[in-house]
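Overview (structure and organization)
Each chain, letter by letter, is given below.
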Amino acid sequence: MRIERRLRQPWWLAVVVPVVSIAGAFVLSGLVLLLTGYPPLRSFHRLFDAAFIANGALSDTVVAGTPLAFTGLAAAVAFRMNIFNIGGEGQLYAGAITGATVGLLMAGTPSPLVFAGMIAAGAAGGALLAAIPAVLRAFFSTNEIITSLMLNYVVALVMEYLIFDSQSYLRDTSSFQGKVFPQGKTLPAEATWSSWTIHGLVLPLGFLLAIVVAALMWVLYSRTRFGFEVQVIGDSARAGRYAGMRTRRKILAVMCLSGAIAGLGGASQTGDFRHQLDPRGLRQANYGYTGIVVAALARYNPFAVVLVALLLGGLTNAGFTLQGADFPAGLVGVIQGLILFCALGGELFVRYRVRFAW
Amino acid sequence: MGGGGGASPPTSIAVALRGITKRFPAVVANDSIDFDAAAGEVHALLGENGAGKTTLSNILTGLYRPDEGAIVLFGQRTEFQSPRDALDAGIAMVHQHFRLVSPFTVAENVVLGDHRDVGRSFLLRPRAIEERVEELSRRYGLAVEPRARIWQLSVGEQQRVEILKALYQDARILILDEPTAVLTPQEADALFDTIRVMAEDGRTVIFISHKLHEVKAVADRVTVLRRGKSVATVPAADATPRSLAALMVGRELEVGGRSVERGPVGEPVLELDGVWADGDRGVPAVKDVSLTIRGGEIVGVAGVAGNGQRELAETIVGMRPLTNGGVAVSGRRLSGGDPREAISAGIAYIPEDRLGTGVAPGLSIGSNIVLKSYRGAPVSTGPMLRFARIRELADRVIDDYDVRTSGPDVPAWQLSGGNLQKVVLAREFSGAPVVLVAASPTRGLDVAGIETVHSYLRGAASTGLGVLLISEDLDEILSLADRVAVMYEGGVVGERDVGTATVEELGLLMAGGKSED
């Protein structure tokens, strides 16, 4: 048996391999279920029901998937140029902080203006944070994986400090609850982002924004000069320099764009769902890190990112709903892990083929 | 001084290959090849890139197993399960890229692969090894200090260590893969002496090369491979460069034919004035280089690899900052360190590293053709790219330059070296340049590819372009250039008109010797 590089990647492989990978993941998790004494088919049925079919399940899945779509797009934007922005987590926090601040500051202004202000602030917060590893990478050749990762902890602690250890503007110091247990100030009603309901499916503003971002990213990366430069530099930075491309500027631009998208995710968290700066909740959710998985599974394709975000979001959502004595709590984690494992394993078959010698 | 054994038929066959066939997914690399070499014979393997030389030597050294055919070693049919088996059977290879551990000493490297003798013992006894290495190097004229560390040695010395390694393991059959590619003419002559001594000792030397005059100078017999087949085995003494070249490519080629007819030499297009630049380690690699290239002429830069040629090219094209001095194109001075400035000034550049610098390997041929022209019309309008235009341009290049591929969407890494170089040439010429910097533009290409590149370079000069040709292949420079500058340790140590220069003089300059003037 030998493994050789494919000279040509047939178009159908890009569809078949992910589908087979996900199917494989379910077969493997089914085995895990059998071994632990749970009926696999019934467990899966309940899982899908709770994620996509039951009354209101799909709306909850969209809620869970929206932040993952943002962080997934953020990761994909950078990874396309071989820049590894692992800081989506912290950039999302930064966007949540700036978004919440602007939402509070603009109390009394008409809603659309507040939304616009929060969106701009969230994007700016994420972009500014991402600018730190970007500058270090572009001008001092520092490894952006390390710097962006480490900044996640810095921002996480800043965020906790704002709510738990200080009398900051963002902390609720007036209400009775807020005096008993520290929490963020609730945003005014005009800072609550709109949502639209179609046949019972609730679509929050943030989710629609994510779809717009995905579409813009697709146009930017596949139709413009900017995208061409990103492709060249991602493939070979030396070839980019040789062709006279401004590689440093491109690193700055792509990192800040990536940070801005993650920051939008943070603004959407405050505007759409949480309506206050919620450090504990954001930290537990791990949106930024899961976004990296989403981007990898979607092979950095923006539309696939949105779909995969909904899939993983659905699993998370179902996990929450079903948690209890009769449902294995770890199952959702196991399935997510196996999907990633199978998908990355499947990559091998897209690029290489296995031949059996006789 | 031709080959020692002459045309007399081999007496005792050391190694014979019978009907060796090796298939790879897309090609038959070796197609029922018969080959034999006698003890005491220097046998040259001659062929273009892709003719099957490397595959054949990989089979001989146990790296590949043949699909069909047999290896007969000293009259015994042998099968190698691994490279170790081949080594134990007395077959050693000196690769083009050395397999040495650079912080180790010469003696340590020599004993590295040894699992029979002192290398097997738990404790190293350096003194014994060093003595043996000294004895071998005296006997075969391989001057090298056994206690020196590899990184302190020149490329030529490192090659001697590789040969010592083979001799230390008492290899009866040595395969040398293009051993002179990295050597100065003087070093190459010394190597030929060593090869003769080894042959007189009864060892078999298989000498892989695509340089005709070397094969004539050192080999007893020559086997010519073409497209995986062995097309002929002839005594070296009877062969002429022309006949060998014809066998190699299957048609008659101009050998060393120098076309003198040139357009008139024009105004200076590229002026280097006391250029200094740092190398990758931050120490000066280009020292005070001044050169003028006029429109319509080809100026060669000769030198052994690593004497600042690569850095000089990168400095001219803006990929490496100038630390002092000036570069001017058509009389306009560049600020330096900016490839885009150099491109718009009219400098075209064929980089030494084709795949990775010259093209983005994962991108399509089409994308690589517009790599420098994507910024403006007609390839893009405003921020948007026009894909239909890119396809048109790519289709035209594929036709005009005869790029062998199935279409413009094929990723560049799938192209062969020669076709890749055509894509690079097409793109560079499309920018309407005034000067072309070509760094080792034919490295790794086969004879047909080399011819193509040469004819494009000649063509460029005849249309009035100034060409700066950097090459380690002196023959190439002598056959193409009007003038030649020799670089040694970062500086230009001599400049000659090609008409008056001799190979010996240039070789001396390349090796750091002073010539008479």
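Conventions we followed
- Residues numbered from 1 in each chain as written.
- Chains lettered and ligands numbered in written order.
- Predicted model: local features only at pLDDT ≥ 70, side-chain atom pairs only at ≥ 80, totals over all residues.
- Helix = DSSP H or I, 4+ residues; strand = E, 2+ residues; numbered from the N terminus.
- Rg over C-alpha atoms; globule rule 2.2 N^0.38 Å.
- Buried ≥ 20, exposed ≤ 12 C-beta atoms within 10 Å, placed from the backbone.
- Contact = placed C-beta atoms within 7 Å.
- Core = buried A, V, L, I, M, F, W, Y, C linked by C-beta atoms within 7 Å.
- Domains from an automatic or database assignment.
- Pairing = 2+ DSSP bridges.
- Axes fitted to C-alpha atoms, helices over the stretch in contact; angles between N-to-C directions.
- Nonpolar A, V, L, I, M, F, W, Y, C, P; charged D, E, K, R; others polar.
- Expected span 1.5 Å × (residues − 1).
- Parallel < 35°, antiparallel > 145°, perpendicular 65-115°, else oblique.
- Left-handed = near helix turned anticlockwise from the far one by under 90°.

In this section: the overall build of chain A. Summing up its helical and strand segments, chain A has 15 helices and 4 strands in all. For chain A, the C-alpha radius of gyration of 22 Å lies close to 21 Å, the compact-globule estimate for 358 residues. In terms of overall dimensions, chain A has a C-alpha envelope of 80 × 60 × 40 Å along the principal axes. Considering chain A as a whole, with its 358 residues, one finds that 48% of them fall into the buried category. Considering only contacts within chain A whose residues lie at least 6 apart along the sequence, 76% involve residues at least 24 apart.

With that settled, the discussion passes to the overall build of chain B. Check the secondary structure of chain B and you find 16 helices and 22 strands. Rg of the C-alpha trace for chain B: 25 Å, near the compact-globule value of 24 Å for 517 residues, within the 12% margin. Expressed along its principal axes, the backbone C-alpha trace of chain B runs to roughly 70 × 50 × 45 Å. A buried classification covers 47% of the 517 residues belonging to chain B. Across chain B, every contact between residues at least 6 apart in sequence was considered, and the portion connecting residues at least 24 apart equals 68%.

This part is about the nonpolar core. Burial of nonpolar side chains together is a common tendency in soluble globular proteins. Counting residues in each nonpolar core, the largest one holds 181 residues, and the members touching the most others are Leu73 and Val305 of chain A together with Ile347, Val423, Val437, Leu468 and Leu469 of chain B. The greatest single-element share of this core, amounting to 12 residues, is contributed by helix α5 (residues 111-140) of chain A. Split by domain, the residues of this core number at least three in each of domain 2 (259-346 + 433-517) and domain 3 (361-430) of chain B. The residues touching valine 437 of chain B, leaving out its near neighbours within four places in the chain, are Ala313, Ile316, Val317, Ile347, Tyr349 and Leu468 of chain B. Within the second largest apolar cluster, 70 residues are counted, among which are Ile163, Leu191, Phe207 and Leu247 of chain B.

This next bit is on the sheet that holds strand β4 (residues 68-73) of chain B. Residues and elements named next belong to chain B. Strand order across the open sheet formed by 4 strands is β2-β1-β4-β5, with antiparallel pairing between neighbours. Across the chains shown, the open sheet's two edge strands, defined by having one partner strand only, are β2 (28-38) and β5 (76-78). Put simply, the sheet's adjacent strands are angled 25 degrees from each other on average, direction ignored.

Listed by partner, the interface residues are 17 residues for chain A and 22 residues for chain B. Where the side of chain A that touches chain B is concerned, the elements lending two or more residues are α9 (225-235) and α10 (237-242) of chain A. The biggest single contributor to the side of chain A that touches chain B is α9 of chain A, with 6 residues. Looking at side-chain class alone, the side of chain A that touches chain B contains 7 nonpolar, 4 polar and 6 charged residues.

For the rest of this paragraph, the subject is the environment of phenylalanine 303 of chain A. All names here are of chain A. Mapped onto the elements, phenylalanine 303 comes out in helix α14 (residues 302-322). As for phenylalanine 303 and methionine 217, which are separated by 86 residues in sequence, their C-alpha atoms are 9.3 Å apart. Excluding residues that lie within four positions of it along the chain, phenylalanine 303 makes contacts with Ala214 and Trp218.

A separate point is the pairing of strand β9 (residues 221-226) of chain B. Residue and element names in this part refer to chain B. Most of β9 is tucked away, with 5 of its 6 residues classed as buried. Pairing between strand β3 (residues 42-47) and β9: 5 bridges, direction parallel. If you follow leucine 45 over to β9, its bridge partner there is threonine 223. By the bridge criterion, 6 bridges tie β9 to strand β10 (residues 229-235) in an arrangement that is antiparallel. By the bridge assignment, threonine 223 is partnered in β10 with threonine 233. What sits between the antiparallel neighbours β9 and β10 is a turn of 2 residues, in which arginine 227 has the positive phi angle 50 degrees.

The next thing to look at is the sheet that holds strand β14 (residues 324-329) of chain B. Residue and element names in this part refer to chain B. Spatially, the 4 strands line up as an open sheet ordered β12-β11-β14-β15, and their pairing is antiparallel. Strands at the two margins of the open sheet, each flanked by one partner only, are β12 (284-294) and β15 (332-334). Each strand axis lies, on average, 25 degrees off the axis of its neighbour in the sheet, ignoring direction. The pairing of strand β11 (residues 268-278) with β14 spans 5 bridges and is classified as antiparallel. If you follow tryptophan 276 over to β14, its bridge partner there is asparagine 324. Contacts from helix α9 (residues 309-316) reach β11, β12 and β14 within the one sheet, and its direction differs from that of β12 by about 60 degrees.

This next bit is on unusual backbone geometry. Backbone torsion omega between alanine 377 of chain B and proline 378 of chain B reads 0 degrees, so that peptide bond is classified as cis. The residue proline 378 of chain B is located in the loop between α11 (365-369) and β17 (380-381) in this model. For tyrosine 300 of chain A, which is not glycine, the phi dihedral falls at a positive 65 degrees. Locating tyrosine 300 of chain A in the fold gives a position in the loop between α13 (287-297) and α14. Among the residues examined, tyrosine 300 of chain A registers 20 C-beta atoms within 10 Å and is labelled buried. In this structure, aspartate 402 of chain B takes a positive phi of about 55 degrees despite not being glycine. Tracing the sequence through the fold places aspartate 402 of chain B in the loop between α12 (387-400) and α13 (417-430).

A few words now on α13 of chain B. All names here are of chain B. When the terminal C-alpha atoms of α13 are compared, their 20 Å separation across 14 residues agrees well with the 20 Å that a helix rising 1.5 Å per residue should span. The buried fraction of α13 is high, at 11 of 14 residues. Within α13 the residues assigned to the buried category are Gly418, Asn419, Leu420, Gln421, Lys422, Val423, Val424, Leu425, Ala426, Arg427 and Glu428. Tucked into the core, α13 has its buried residues touching β16 (347-350), α11, α12, β19 (435-439) and α14 (447-462).

The next thing to look at is the packing of helix α1 (residues 13-35) of chain A against helix α15 (residues 331-351) of chain A. All names here are of chain A. Put simply, α1 and α15 touch, their axes get as near as 8 Å, and they point 140 degrees apart. Taken together, the axis directions place α1 and α15 in an arrangement best described as oblique. The hand of the α1/α15 crossing is right-handed. Of α15, the residues touching α1 (which contributes Leu13, Ala14, Val17, Pro18, Val20, Ser21, Ile22, Gly24, Ala25, Leu28, Ser29 and Val32) are Val334, Ile335, Leu338, Ile339, Cys342, Ala343, Gly345, Gly346, Phe349 and Val350. In terms of residue class, the contact of α1 with α15 is made up of 17 nonpolar, 5 polar and no charged.

Before going further, it helps to spend a moment on the packing of helix α8 (residues 205-223) of chain A against α14 of chain A. Residue and element names in this part refer to chain A. Between α8 and α14, whose axes approach to 8 Å, the crossing angle comes to 150 degrees. Classified by the interaxial angle, the pair formed by α8 and α14 is roughly antiparallel. Counting all contacts with α8, which are made through Ala210, Ile211, Ala214, Met217 and Trp218, the residues of α14 involved are Pro302, Phe303, Val305 and Val306. Class assignment for the residues of the contact of α8 with α14 results in 9 nonpolar, no polar and no charged.

All right, on to the environment of valine 222 of chain B then. Mapped onto the elements, valine 222 of chain B comes out in strand β9. Note: C-alpha distance between valine 222 of chain B and valine 205 of chain B (17 residues apart in sequence) is 12 Å.

Another point: helix α16 (residues 503-510) of chain B. Taken together, the buried positions of α16 of chain B are Leu506, Gly507, Leu508, Leu509 and Met510 of chain B. Buried residues belonging to α16 of chain B abut α6 (185-200), β13 (298-302), α15 (474-480), β21 (483-488) and β22 (491-497) of chain B.

Residues and elements named next belong to chain B. Alignment of β11 against β12, held across 7 bridges, turns out to be antiparallel. Opposite proline 268, over in β12, you have arginine 294 as the bridge partner. A loop of 5 residues connects β11 with β12, the two strands running antiparallel in sequence, and glycine 282 in this loop sits at a positive phi of about 85 degrees.

It is worth stressing that arrangement in space is one thing and function is another; only the former is reported here.
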